[in-house]
Amino acid sequence: MSDVKTRQLPAAVKLTPAAEARIAELMEKAPEGAIGVKLSTPRRGCSGLAYSVDYVTEEAKFDEKIETPGGIFYIDGASVLYLVGSTMDWVEDDFTAGFVFENPNAKGACGCGESFIV
């Protein structure tokens, strides 16, 4: 018998209650076959990486899986290193609505807010 203890690690990205509520809304109107939503950081924009949230229909081997009250949230396995310690929020005002990220790994962002540098 081993004395090794296993502990649950915190998720790479913390979701605010507003972000969790938005994931629930997205899953309520998800296309058939969608099993959750996934955050990834594709190369895009003038600074290099952008945030992208899309429906997914199957789990990928190295994706991180976060169970929320409204559905499953995945983080692309290749993007986790760029996102560790981040907070994802959902913000709405009179003019815009969208996910907003507080990312301690971002060393800068482009002027339009489309992309970030790590």
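All of these numbers come straight from a predicted model, not from anything done at the bench. (Residues numbered from 1 in each chain as written. Predicted model: local features only at pLDDT ≥ 70, side-chain atom pairs only at ≥ 80, totals over all residues. Heavy atoms only, no water.)

1. Details of the overall build of the protein chain
Part 1: Along the backbone of the protein chain there are two helices and eleven strands.
Part 2: For the protein chain, the N- to C-terminal ordering of α and β elements is β-α-β-β-β-β-β-β-α-β-β-β-β.
Part 3: Residues counted as buried form 36% of the 118 residues belonging to the protein chain.
Part 4: Restricting the contact set of the protein chain to residue pairs at least 6 apart, pairs at least 24 apart contribute 51%. (Helix = DSSP H or I, 4+ residues; strand = E, 2+ residues; numbered from the N terminus. Buried < 20%, exposed > 50% of the residue type's maximum accessible area, 1.4 Å probe, protein only. Contact = heavy atoms within 4.5 Å.)

2. A short note on the sheet that holds strand S2 (residues 36-40)
Part 1: Within the open sheet, the four strands sit side by side as S5-S2-S7-S6. Their pairing is mixed. The open sheet terminates on both sides in strands that have one partner only, identified here as strand S5 (52-56) and strand S6 (64-68). Within the sheet, the average angular offset between the axes of one strand and its neighbour, ignoring direction, is 25°.
Part 2: With five bridges joining them, S6 and strand S7 (residues 71-75) adopt antiparallel strand pairing. Directly across from Thr68, in S7, lies its bridge partner Gly71. (Pairing = 2+ DSSP bridges. Axes fitted to C-alpha atoms, helices over the stretch in contact; angles between N-to-C directions.)

3. A closer look at the environment of Ile72
Part 1: Relative to the helices and strands, Ile72 is located in strand S7.
Part 2: Relative accessible area serves as the criterion here: at 17%, Ile72 is assigned to the buried category.
Part 3: In this structure the C-alpha to C-alpha distance between Ile72 and Val56, which are 16 residues apart in sequence, comes to 9.8 Å.
Part 4: In contact with Ile72, not counting residues within four places along its chain, are Ile35, Gly36, Val37, Lys65, Ile66 and Glu67.

4. A word on the side chain of Arg22
Part 1: Within the element layout of this structure, Arg22 appears in helix H1 (residues 17-28).
Part 2: When its relative accessible area of 17% is taken as the criterion, Arg22 is described as buried.
Part 3: Ignoring any residue separated from it by four or fewer positions in sequence, one finds Arg22 in contact with Lys29, Trp90 and Phe99.

5. Thoughts on the sheet that holds strand S9 (residues 97-102)
Part 1: With respect to topology, three strands assemble into an open sheet ordered S1-S8-S9, the strand pairing being mixed. Strands with a single pairing partner mark the edges of an open sheet, and in this sheet they are strand S1 (13-15) and S9. In this sheet, adjacent strand axes meet at a mean angle of 30° when their direction is disregarded.
Part 2: The pairing of S1 with strand S8 (residues 86-92) spans three bridges and is parallel.

6. As for the environment of Asp76
Part 1: Within the fold, Asp76 resides in the loop between S7 and helix H2 (80-83).
Part 2: Remark: the alpha-carbon pair of Asp76 and Thr41, spanning 35 residues in sequence, is separated by 7.8 Å.
Part 3: Sequence-distant contacts of Asp76, defined by excluding residues within four places in its chain, comprise Lys38, Leu39, Ser40 and Asp63.

7. Side note on the nonpolar core
Part 1: Within the largest apolar cluster, 16 residues are counted, with the highest numbers of intra-cluster contacts made by Val13, Leu15, Leu39, Phe73, Ile75 and Met88.
Part 2: Counting only elements with at least two residues in this core, the list comes to S1, H1, S2, S7 and H2.
Part 3: The leading source of residues in this core is H1, at four residues.
Part 4: Excluding residues that lie within four positions of it along the chain, Phe73 makes contacts with Leu15, Ile23, Val37, Leu39, Glu64, Lys65, Ile66, Thr68 and Met88. (Core = buried A, V, L, I, M, F, W, Y, C linked by side-chain atoms within 4.5 Å.)

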